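A closer look at the structure
In case you want the letters, here they are:
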Amino acid sequence: MSGTHSRPSTDRDHPGEQGAADPIRLLEIRDTPLSVDEVFAAVGDRAAGGTALFVGTVRSHDGGADVDGLGYSAHPSAAVELRRVAEKVVADHPVRALAAVHRVGDLAIGDLAVVVAVSCPHRAEAFAACRKLIDDLKHEVPIWKHQTFSDGTEEWVGA
């Protein structure tokens, strides 16, 4: 019959079902505006059937208070820790490509604070890997948020 296979496929038969040899394509902490297009382009892979992308933006409120703006600061070890987090995601998921960029400095409401993306052979894997990447980045990479509120108060988050 046309279009059918007589034997089951395996990962060995289709290397695209596995992770790529060097899937970490872009990791940066920068003080310039972030680009969703740049991150999305970095994770393009012909063997990926699913790409998950997360964009974190500066919101106008937090905990019931109006936010005027915020600033992000990073410890000198932040880039090393970001790579460690990315490598762990790659080790635990069949990642074809991964990218993560976090902004530091003063940001305004609506600015992009973090953009991460992961492409994998299938969508469920991409969702799981992307969620793990952003969750671990936020919990383990030493980047701190300093929020200023419209009532004149301020708060450090993650410090």
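Everything discussed here concerns the structure shown above.
Since we're looking at a predicted model, the values are computed, not measured. (Residues numbered from 1 in each chain as written. Predicted model: local features only at pLDDT ≥ 70, side-chain atom pairs only at ≥ 80, totals over all residues. Heavy atoms only, no water.)

1. Description of the state of the cysteines
In total, this model carries zero disulfides according to the counting rule given. Cysteine 120 takes part in no disulfide bond, and the closest cysteine sulfur to it belongs to cysteine 130, at a distance of 9.1 Å. What makes cysteine 120 buried here is its relative accessible area of 0%. (Disulfide = S-S within 2.5 Å. Buried < 20%, exposed > 50% of the residue type's maximum accessible area, 1.4 Å probe, protein only.)

2. Re the environment of serine 77
The residue serine 77 is located in the loop between strand S4 (65-74) and helix H2 (78-92) in this model. Since its relative accessible area comes to 25%, serine 77 is described here as partly exposed. A polar side-chain atom of serine 77 sits 2.9 Å from a polar atom in the side chain of histidine 75. (Helix = DSSP H or I, 4+ residues; strand = E, 2+ residues; numbered from the N terminus. Polar contact = N/O pair within 3.5 Å; in protein donor to acceptor, adjacent residues only side chain to side chain.)

3. Considering the sheet that holds strand S1 (residues 24-30)
Strand pairing in a sheet is mediated by backbone hydrogen bonds. Such pairs are either parallel or antiparallel. If you walk across this open sheet you meet the four strands as S1-S5-S7-S2, and the pairing is mixed. Across the chains shown, the open sheet's two edge strands, defined by having one partner strand only, are S1 and strand S2 (50-57). Ignoring strand direction, the axes of neighbouring strands in this sheet form an average angle of 5°. Where strand S5 (residues 97-103) and strand S7 (residues 112-120) come together, six bridges link them in antiparallel fashion. Bridging across to S7, alanine 99 finds its partner in alanine 117. Relative to the sheet, H2 contacts S1 and S5, its axis offset from that of S1 by approximately 150°. Sitting on the sheet, helix H3 (residues 123-140) touches S2, S5 and S7, and the angle it makes with S7 is about 145°. (Pairing = 2+ DSSP bridges. Axes fitted to C-alpha atoms, helices over the stretch in contact; angles between N-to-C directions. Contact = heavy atoms within 4.5 Å.)

Any functional reading would require information beyond the geometric quantities listed.
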